[in-house]
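Descriptive structure summary
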Amino acid sequence: MTHPTDGKVYDVMVAGGGPAGSSVAAFAAMQGHRVLLLEKEEFPRYQIGESLLPSTVHGICGLLGVTEELESAGFVRKRGGTFRWGSNSEPWSFDFALSEKFAGPTSYAYQVERAKFDQLLLDNARRKGVEVRERCAVRDVLEDDGRVRGVRYTDPDGAERAVHAQFVVDATGNQSRLQRYIGGQRRYSDFFQNIALFGYFEGGRRLPSPNSGNITCVAFPSGWFWYIPLSDTLTSVGAVVRKECADQVRGDRAEALAALIADCPLIADYLSDARRVTSGRYGEVRVRKDWSYLHDTFWQPGMALVGDSVGFIDPLFSSGVHMATYSALLAARSLNTALRGDLGERECFAEYEARYRKEYQSFHDFLVNFYDVNRDEQQYFEVARRVTRDTAPGAGAFVGLVGGGASDEAALTSESYRDKRKKDLLEQSRAVHHEGHRIQLQAAFGEAVDDTPLSADGLVVSQDGMHWEKSVTSSTV
């Protein structure tokens, strides 16, 4: 069966307009590529996931050119996090400023209402040249000779249509219907098999300044709670319970959430004068399952997965939007490089997959250790140093990880950290007198990127930050 087509071929077709989809679309359009984005819903729309990391706010959003819009949007400023966790009976806090990766003016993030944040990113994609069509649900892909060539979708009038593109990107999230075309399957974590029950409250307590915008995470017998201030009065409150405690979230959801709050004295105290929102966008008590997974395969010829389509990790450190937009940046570099013809498609997307898996594994391995509530915060900090191989003293490695900086990706860290890393690498270059290394550093810091390959034959980030290229050190003898 054939369907009407647009009569033109796009360079990139993105399915899904959330943070991953709008970011990868914008990054491709900013390089002059013809990009179409199809989104099944009409924005603004509700979405969970309100707590951002500095790497997203000052890294990805800076590259996208939306820093000033974020600043003027009125979102709650988040300077760190507060935990009632581990063997310490008292809550303890960390500031992003404790890590040199986010020191100075980038030592904060935002608590955002995703309906507003996602709208901001989608509108930015439009301004960057992306053709955005809302209320267009992608149904399946067009394949020819082992390569994805486009998609079939339903337009706002219900008509079945088709569109062709050199590359298709699936950014449709954890409910993706397109990932089956990639091959392989979604692998769920054996360790993280939790269920979240969450709602929204007006009038909840705030921590004293300057921590009033912190996310608060509190362990209790059945799991843990998040407590996220979205405004001076509105708070997102969720209980993440272990699989063996699933009976506690069955039945009436509002009653179940109230019972779980009663089992957690600190959260019950914070909400003692609050009332749950029962109408509008935030009036429903919702459930989310199967928090942690990773897809076997990230791409096939003509198609790639990004965002929650490719993976998601337990939400304890608010890494969802970070991992989604980081995957978008990595995938966009692969798309831009392949479309320009500089390197082969396979090599480009292998680099994307290797870097994403490394970041995912860092969060996963640390979270496994962090769920051991018999340790104190100093022991958690030591685990962070071991997992990330970061020698920063005190809480530095821990904050670098939970702020989204474990990858040492230049685009995601502060200018002062990039300057320090540049100096350190130049010192190393002088020490070993390696000409290839010196040339690489000169090219890399001309003034954009400080990058080294993950492996001997790996790629590095180009000076413009939007492509891959061969490493000088790996291509010279």
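Residues numbered from 1 in each chain as written. Predicted model: local features only at pLDDT ≥ 70, side-chain atom pairs only at ≥ 80, totals over all residues. Heavy atoms only, no water.

The name an unreviewed UniProt entry gives the protein is FAD-dependent oxidoreductase, with Streptomyces malaysiensis subsp. samsunensis as the organism. Turning to the protein, the UniProt annotation filed under Sequence similarities (unreviewed entry) states: "Belongs to the flavin-dependent halogenase family. Bacterial tryptophan halogenase subfamily." (UniProt positions renumbered as here; feature names shortened; annotations may be inferred.)

The next point concerns the overall build of the protein. Counting secondary structure elements, the protein contains 13 helices and 23 strands. Per-residue burial for the protein yields a buried fraction of 57% across its 477 residues. Within the structure as shown, the protein displays about 19,400 Å² of accessible surface, and the carbon and sulfur contribution to it stands at 47%. (Helix = DSSP H or I, 4+ residues; strand = E, 2+ residues; numbered from the N terminus. Buried < 20%, exposed > 50% of the residue type's maximum accessible area, 1.4 Å probe, protein only. Areas by Shrake-Rupley, 256 points an atom, 1.4 Å probe, with all protein chains shown as cover.)

Our focus in this paragraph is the pattern of salt bridges. Pairs may arise between side chains of opposite charge once their charged atoms sit close together. Summed over all chains, the structure comprises 27 salt bridges. One salt bridge in this structure joins Glu134 and Arg126, with 2.5 Å as the shortest N-O distance. Given the relative accessible area of 32%, Arg126 is considered partly exposed. Put simply, Arg286 and Glu284 hold a salt bridge, and the shortest N to O gap is 3.6 Å. The exposure class assigned to Arg286 is buried, which follows from its relative accessible area of 17%. Sharing partners across several salt bridges, the network here consists of Lys8, Glu131 and Arg133. (Salt bridge = Lys/Arg side-chain N within 4 Å of Asp/Glu carboxyl O.)

Moving on, we get to the sheet that holds strand β11 (residues 186-188). Spatially, β11-β18-β21 is the arrangement adopted by the three strands of the open sheet, whose pairing is antiparallel. The sheet is open, and its two edges are formed by β11 and β21 (311-312), each paired on a single side. Looking at chain direction, strand β18 (residues 293-295) and β21 are connected through two bridges and run antiparallel. The residue bridging Leu294 from the neighbouring strand is Gly311, located in β21. Sitting on the sheet, helix α8 (residues 345-370) touches β18 and β21, and the angle it makes with β18 is about 165°. (Pairing = 2+ DSSP bridges. Contact = heavy atoms within 4.5 Å. Axes fitted to C-alpha atoms, helices over the stretch in contact; angles between N-to-C directions.)

Glancing now at empty space enclosed by the protein. Using the criterion set out here, one finds three cavities of 30 Å³ or more in the structure. Each pocket or cavity is described by its volume, and for the largest cavity that value is around 60 Å³. Every residue lining the largest cavity is listed: Leu53, Lys78, Phe83, Phe94, Phe96, Ile215, Leu316, Phe317, Ser318 and Val402. Residue classes in the lining of the largest cavity are distributed as eight nonpolar, one polar and one charged. (1 Å grid on protein atoms, 1.4 Å probe; cavity = no way out; pocket = protein on both sides within 12 Å on 5 of 7 lines; lining within 4 Å. Points joined across faces, edges and corners; volume = space filled by probe spheres on them. Nonpolar A, V, L, I, M, F, W, Y, C, P; charged D, E, K, R; others polar.)

The next thing to look at is the packing of α8 against helix α9 (residues 377-388). Contact pair α8 / α9: the axes reach a minimum separation of 10 Å and the direction vectors enclose 155°. With respect to their mutual orientation, α8 and α9 come out roughly antiparallel. Considering how the two elements wind past one another, α8 and α9 form a crossing that is right-handed. Touching Ser362, Asp365, Phe366, Asn369 and Phe370 of α8 are Tyr380, Val383, Ala384, Arg386 and Val387, all from α9. Looking at the contact of α8 with α9 residue by residue, the class counts come to six nonpolar, two polar and two charged. (Parallel < 35°, antiparallel > 145°, perpendicular 65-115°, else oblique. Left-handed = near helix turned anticlockwise from the far one by under 90°.)

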